[in-house]
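Results of the structural survey
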Amino acid sequence: LPPAQDHKPALDGDQGPNTGGMGAYSPTPVVDDKLLSWVEEHVLVPTVHAMKRSRNPFRGVLYAGLMITRHGSKVLEYNVRFGDPECQPLLMRLQSDLVEVLNATVDGRLEHLEPLKWDPRPAVCVVMASEGYPGSYETGHPISGLDEAAALPDVKVFHAGTRLREDQVLTQGGRVLGVTAMGETISLAKEQAYRAVQSINWPGAWYRSDISDKAQAEQPA
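Heads up: these notes are all about the structure in this document. Predicted, not measured: the structure shown is a model, and the values here were computed from it.

**Regarding helix H1 (residues 33–53)**
Given 3.6 residues per turn, any residue in an α-helix points the same way as the ones three and four places further on. With 21 residues, H1 should reach 30 Å at 1.5 Å per residue; the first-to-last C-alpha distance of 28 Å fits that figure. Bending of H1 peaks at approximately 40° at the position of Glu40. For H1, the set of buried residues is Leu35, Val39, Val43 and Thr47. Looking one or two residues past H1, Arg55 carries a phi angle of roughly 65°, positive in sign.

Structure, rendered in structure tokens:
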């Protein structure tokens with residue numbers, strides 16, 4: 001799968017407390033083909049082989065959380081699931097059938113799949129959160145504007161911390177929505193994502209305003 005970059009700190013400019021993730025984008029200019037090959041050779045393949053040698057072979061989603069430093073790539077964590085909110089821009093770009101890929105993973109026949117097809121356009125996900133997150137927060141606020149946001153071209157609103165009461169969607173978590181959009185460039189994808197974000201509201205809703213800005217600084221010379 002292609003890389004995606006998360007934004008853990010709560011506030012713009014990577015300030016404030018760490019969260020589960022306030023937004024993500026894919027692809028990531030900081031991870032070029034050379035670095036991706038290095039990660040595969042030195043991180044992913046040795047990990048899979050070590051599990052096999054220990055007689056604990058793994059089938060599923062193994063998601064490596066990396067920190068790209070001046071001294072190379074460092075593994076921060078492994079998730080045995082898709083990362084959130086990195087999953088949202090990845091799935092926006094994936095054109096192959098995800099169910100087919102997951103079934104092939106379970107059955108041990110990934111090598112028989114055709115190469116995955118990806119939309120070449122970038123995708124940006126902006127997390128809308130409840131006031132107070134990542135600390136204490138209220139729930140049960142009605143969310144407005146979901147239909148308007150979903151009607152925008154190349155936009156998908158992923159629900160994370162919501163519940164349905166009759167016909168009304170209410171907040172039910174700290175990270176409430178992952179508003180995701182695609183565009184011909186990262187800047188255009190960001191613009192469309194925030195256009196959708198501005199259509200949505202509930203009391204205390206907030207979000208970072210700089211998701212994917214660091215991609216511009218990471219563009220190769």
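**Notes on the sheet that holds strand S4 (residues 23–26)**
Pairing within the open sheet is antiparallel, and its five strands lie in the order S1-S4-S7-S11-S8. Where the open sheet ends on each side, the last strands, each with one partner, are strand S1 (5–6) and strand S8 (155–159). Helix-sheet contacts for helix H5 (residues 186–197) involve S4, strand S7 (123–129), S8 and strand S11 (175–182), and the interaxial angle to S7 is about 30°.

**Points about the side chain of Arg175**
Take Arg175: it is sitting in strand S11. A polar side-chain atom of Arg175 sits 3.1 Å from the main-chain carbonyl oxygen of Gly21. At 3.4 Å, the side chain of Arg175 forms a polar contact with the backbone oxygen of Asp84. Ignoring sequence-local partners within four residues, the contact set of Arg175 consists of Gly20, Gly21, Asp84, Pro85, Val127, Met128, Ala129, Tyr133, Ala160 and Gly161.

**Some thoughts on the packing of aromatic side chains**
Using the criterion set out here, one finds two aromatic pairs in the structure. On the numbers, 6.0 Å between centres and 50° between planes, the contact of Tyr194 with Tyr207 is tilted. With Tyr194 in helix H5 and Tyr207 in the loop between H5 and helix H6 (214–218), this residue pair connects regions lying 13 residues apart in the sequence. The exposure class assigned to Tyr194 is buried, which follows from its relative accessible area of 8%.

**Notes on the nonpolar core**
Core analysis: the biggest nonpolar cluster contains 24 residues, and Val124, Ile143, Val157, Leu177, Val179 and Ile200 have the highest contact counts within it. At the level of elements, S7, helix H4 (146–150), S8, S11 and H5 are the ones that each hand at least two residues to this core. When residues of this core are assigned to their parent elements, the largest contribution, six residues, is made by H5. With six residues, the next largest nonpolar core counts Ala10, Met22, Ala129 and Trp206 among its residues.

**Concerning the pattern of salt bridges**
On inspection of all chains with the given rule, the structure shows 10 salt bridges. For Lys8, the salt bridge identified is with Asp6, shortest N-O distance 3.2 Å. Taking the relative accessible area as the measure of exposure, Lys8 reaches 30% and is therefore partly exposed. By relative accessible area, which is 13% here, Asp6 ends up buried.

**Concerning the environment of Gly140**
Inspection of the secondary structure assignment puts Gly140 in the loop between S7 and H4. Taking the C-alpha atoms as reference points, Gly140 and Gln5, 135 residues apart in sequence, are found 30 Å from one another. Ignoring any residue separated from it by four or fewer positions in sequence, one finds Gly140 in contact with Arg163, Leu170 and Thr171.

About the thresholds
- Residues numbered from 1 in each chain as written.
- Predicted model: local features only at pLDDT ≥ 70, side-chain atom pairs only at ≥ 80, totals over all residues.
- Heavy atoms only, no water.
- Helix = DSSP H or I, 4+ residues; strand = E, 2+ residues; numbered from the N terminus.
- Expected span 1.5 Å × (residues − 1).
- Bend = angle between axes of the 7 residues up to and from the residue.
- Buried < 20%, exposed > 50% of the residue type's maximum accessible area, 1.4 Å probe, protein only.
- Pairing = 2+ DSSP bridges.
- Contact = heavy atoms within 4.5 Å.
- Axes fitted to C-alpha atoms, helices over the stretch in contact; angles between N-to-C directions.
- Polar contact = N/O pair within 3.5 Å; in protein donor to acceptor, adjacent residues only side chain to side chain.
- Phe/Tyr/Trp six-rings, centres within 6.5 Å; stacked < 30°, edge-to-face > 60°.
- Core = buried A, V, L, I, M, F, W, Y, C linked by side-chain atoms within 4.5 Å.
- Salt bridge = Lys/Arg side-chain N within 4 Å of Asp/Glu carboxyl O.

Function cannot be read off these values alone, since they describe shape.
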